[in-house]
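Summary of the model geometry
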Amino acid sequence: MTGWRGRVLHVDLRHRRFRLASVPGEVLRATLGGRGLAGWLLTTASEPALVLAAGPLTAGVLPMAGRAVVSTLSPLTGTIRHAPAGGRLAAALLRCGVDAVCLTGRAEAPVVVHLEAAAARFAEADPLQPLETPQRVAALCRPRRAVLCVGPAAEAGSPLACLVQEHGRPVPGGGLGLALAARNLLAVTVDGHQPFEVHDAEALRRMRRVFLRLIHASPALDGASGIGRHGDGALFDVLQARRMLASCHYQTTWAAEPEPLGALAHAADMALGQRLGPVGCTACPAPCGRAAAGALLPDLAAMAGFSALVGGGSRELVRRAHGRCLALGLDAWEAAAAVAGHLEARGEPCTDAAVLALVDSLGRGADLETPPGIAMRVKGMALPCMDPRGAWGLALALAVGTQGPDPEACVVWHQELLRKPVAVDRFSWSGKARLVARGEDAAAVAQGVGLCSLALVGLGFEELAQALAATTGWNATAGDLAACGAAMVDQDRRLHCAAGFDAAQDELPPRCFLPPQGDPGPQGVPMPPLDRRAFLEERGKYYRIRGWDVSGCPAASPATASGIRSDVRPEAQGGDHA
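Read on for an overview of the structure. (Residues numbered from 1 in each chain as written. Predicted model: local features only at pLDDT ≥ 70, side-chain atom pairs only at ≥ 80, totals over all residues. Heavy atoms only, no water.)

**Notes on the packing of helix α14 (residues 332–346) against helix α15 (residues 352–363)**
- At a minimum axis separation of 10 Å, α14 and α15 run at an interaxial angle of 120°. Comparing their axes, α15 and α14 come out oblique. Where α14 crosses over α15, the two elements pack in a sense that is right-handed. Contacts from A335, A338, V339, H342 and L343 in α14 reach V355, L358, V359 and L362 in α15. (Axes fitted to C-alpha atoms, helices over the stretch in contact; angles between N-to-C directions. Helix = DSSP H or I, 4+ residues; strand = E, 2+ residues; numbered from the N terminus. Parallel < 35°, antiparallel > 145°, perpendicular 65-115°, else oblique. Left-handed = near helix turned anticlockwise from the far one by under 90°. Contact = heavy atoms within 4.5 Å.)

Right under this line is the structure:
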């Protein structure tokens, strides 16, 4: 088998055992790998699991195809969460000889799991516990090793805790840090040395050139103001220009900044002589992270959260709050949302001291509950830094997404904000239900094969199908990939409905249907609120397009809806190992 390894490593934390299992080829083709395989493992596991999974295109060493997923039931939402993980994780899993690792049970004492050569080794986590997150990561790092680590916030029980990888950047969204720490698992490392095998090396070389040509031809990825040049700062500038930064806890859509942020802040760092370096997935031609003077610069979540969202704007506050979040292992956006809601509820002004004190309290496990009337959350997860009033397809996607309001799970915002691959009117409901369904399918395919969703700005299913054929030998068509993406979304929706969710949770906060307050901004163009009646009509159309009932739940049997037999389970190879 090429591309795919055809094996899953099952790790039992409770008994400190592991076993290797084969995965039928029909499952790999139906799920693609990555997110789809993780969803299938969660469905077929005998107990709640946490899955790390890689996609087959990573074996082809293709540009922007180095993403893995971390999948489990989110402590924040109570439903499925597939979090994209960059860095070395995807390549390390495949080099380890497996497509995925399925972790079950809870260790009796804090533990670190080291994965190598399709086997697991367990080590006591006591040396890590006194350390802050960056020091924990540094203690675990080795050349070519992938690291997933939790920080003090996860051990304190904070649902806002995230995972941190070997390059120092977080795996955000869904409280996955707590999901790991709840198993008494403080870190996972993956070392791999097995070479990749592909079906057609010459065809793959051609596809690498095609990928690079299309990526470099995309202004959003490699233009003068693109992500490849400015990292997350480029996206910050786009949101600011579109007046979609959620300001003052979504009370306004525009706020003057006392200091430049985004790409301008990066340019200022360069002017001060601090050499900027890219930080991202292995061999990515458009890395989204940046570091200066040996320290990570704030990412999009920190830039938007600790400036516009909390009602501040000081570059120093953004940097200090971002540093505290990394040290504690906190999701920067979730922390900023909790702080913003707390300040609004208390009627307190935003000061640097107040924000930093609240971040520290979150890191100790404190709960800054926001009254339901002003909470800006969907399914328990904070709305992202993109104000849904500024892009109506995005608004629908944030409401109906099974993973909570996650823009990466639906790429409709590429068309509305980046205007690629085809520009659409962001202030219109026309056709948005179908665009959301297609955007979810496309994002699912990307997360299945191991592609960064941003690459879909320049790449389509035709290119992905050809790359998949060169890597695995499976001559899939663009239609086959679209069907796989729809099946993944359907599979996740079944897990979602089994957890008790339905149309009642596919909602947006009331504030989204009200006009924002304050100055309409320098252009003087007011931001219209969402029309609730039109939103509900489009949500109903979305359900019909998906073939779901009026409550938003799939009606067909699991065996026929996804094309994946739910009774197919992994076949164990060998025995248990201590």
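**What to know about the pairing of strand β8 (residues 119–124)**
- Note that strand β7 (residues 111–116) and β8 share six bridges and pair antiparallel. Following the sheet pairing, E116 is matched in β8 by A119.
- Between β7 and β8, which pair antiparallel one after the other, the connecting turn spans two residues, and A117 there sits at a positive phi close to 50°. (Pairing = 2+ DSSP bridges.)

**Quick look at the nonpolar core**
- By size, the foremost hydrophobic cluster in this structure holds 193 residues, and its most contacted members are V11, L115, F306, L451 and L508.
- Among the elements that make up this core, the one with the highest residue count is helix α18 (residues 432–449) (10 residues).
- Apart from residues no more than four positions distant in its own chain, L451 is found in contact with P63, M64, A65, R67, F211, A446, L456, L459 and L464. (Core = buried A, V, L, I, M, F, W, Y, C linked by side-chain atoms within 4.5 Å. Buried < 20%, exposed > 50% of the residue type's maximum accessible area, 1.4 Å probe, protein only.)

**Observations concerning unusual backbone geometry**
- For the bond running from K420 to P421, omega is -5°, close enough to zero to count as cis.
- By the secondary structure assignment, P421 is in the loop between α17 (412–418) and α18.
- The phi torsion at R16 lies on the positive side, around 55°, for a residue other than glycine.
- Structurally, R16 is set in the loop between β1 (7–12) and β2 (17–22).
- A positive phi angle, close to 50°, is found at V61, a residue other than glycine.
- Position of V61 among the secondary structure elements: in the loop between β3 (49–54) and β4 (68–73).

**Observations concerning the packing of helix α2 (residues 34–44) against α18**
- In the contact formed by α2 and α18, the axes pass within 4 Å of each other and the chain directions differ by 85°. One finds that α2 runs roughly perpendicular with respect to α18. Contact residues: G34, R35 and G36 in α2; A444, Q447 and G448 in α18.
- For the contact of α2 with α18, the per-class residue count stands at one nonpolar, four polar and one charged. (Nonpolar A, V, L, I, M, F, W, Y, C, P; charged D, E, K, R; others polar.)

**Quick notes on the packing of aromatic side chains**
- What the rule picks out here adds up to eight aromatic pairs.
- Plain terms: the ring middles of F513 and F535 are 5.6 Å apart, the flat faces sit at 65° to each other, and that makes the pair edge-to-face. Of this pair, F513 sits in the loop between α20 (478–498) and α21 (532–546) while F535 sits in helix α21, and the two are 22 residues apart along the sequence.
- For F513, a relative accessible area of 14% corresponds to the buried category.
- Judged by relative accessible area, F535 falls into the buried class, the value being 0%. (Phe/Tyr/Trp six-rings, centres within 6.5 Å; stacked < 30°, edge-to-face > 60°.)

**Here's the deal with the sheet that holds strand β13 (residues 276–279)**
- Sheet architecture is open: three strands sit in the order β13-β14-β15, paired in antiparallel fashion. The strands lining the two open edges of the sheet, one partner per strand, are β13 and β15 (295–296).
- As paired strands, strand β14 (residues 289–292) and β15 are joined by two bridges and run antiparallel to one another. Within β15, the residue paired with A291 across the bridge is L296.

**With respect to the side chain of Q403**
- Along the chain, the position of Q403 falls in the loop between α16 (392–400) and α17.
- With a relative accessible area of 2%, Q403 lands in the buried category.
- Within the structure, the side chain of Q403 is placed 2.7 Å from the backbone nitrogen of H82, a separation counted as a polar contact.
- Filtering out sequence-adjacent residues up to four positions away, Q403 remains in contact with R35, T77, I80, R81, H82, M381, A409 and Q447. (Polar contact = N/O pair within 3.5 Å; in protein donor to acceptor, adjacent residues only side chain to side chain.)

**Structural notes on the environment of R106**
- As for its position among the elements, R106 is in the loop between β6 (100–104) and β7.
- Classification of R106 by relative accessible area gives partly exposed; the value is 46%.
- C-alpha of R106 to C-alpha of P372: the two residues are 266 residues apart in sequence and 33 Å apart in space.
- If sequence neighbours within four positions are ignored, R106 has contacts with L13, R14, A182, R183 and N184.

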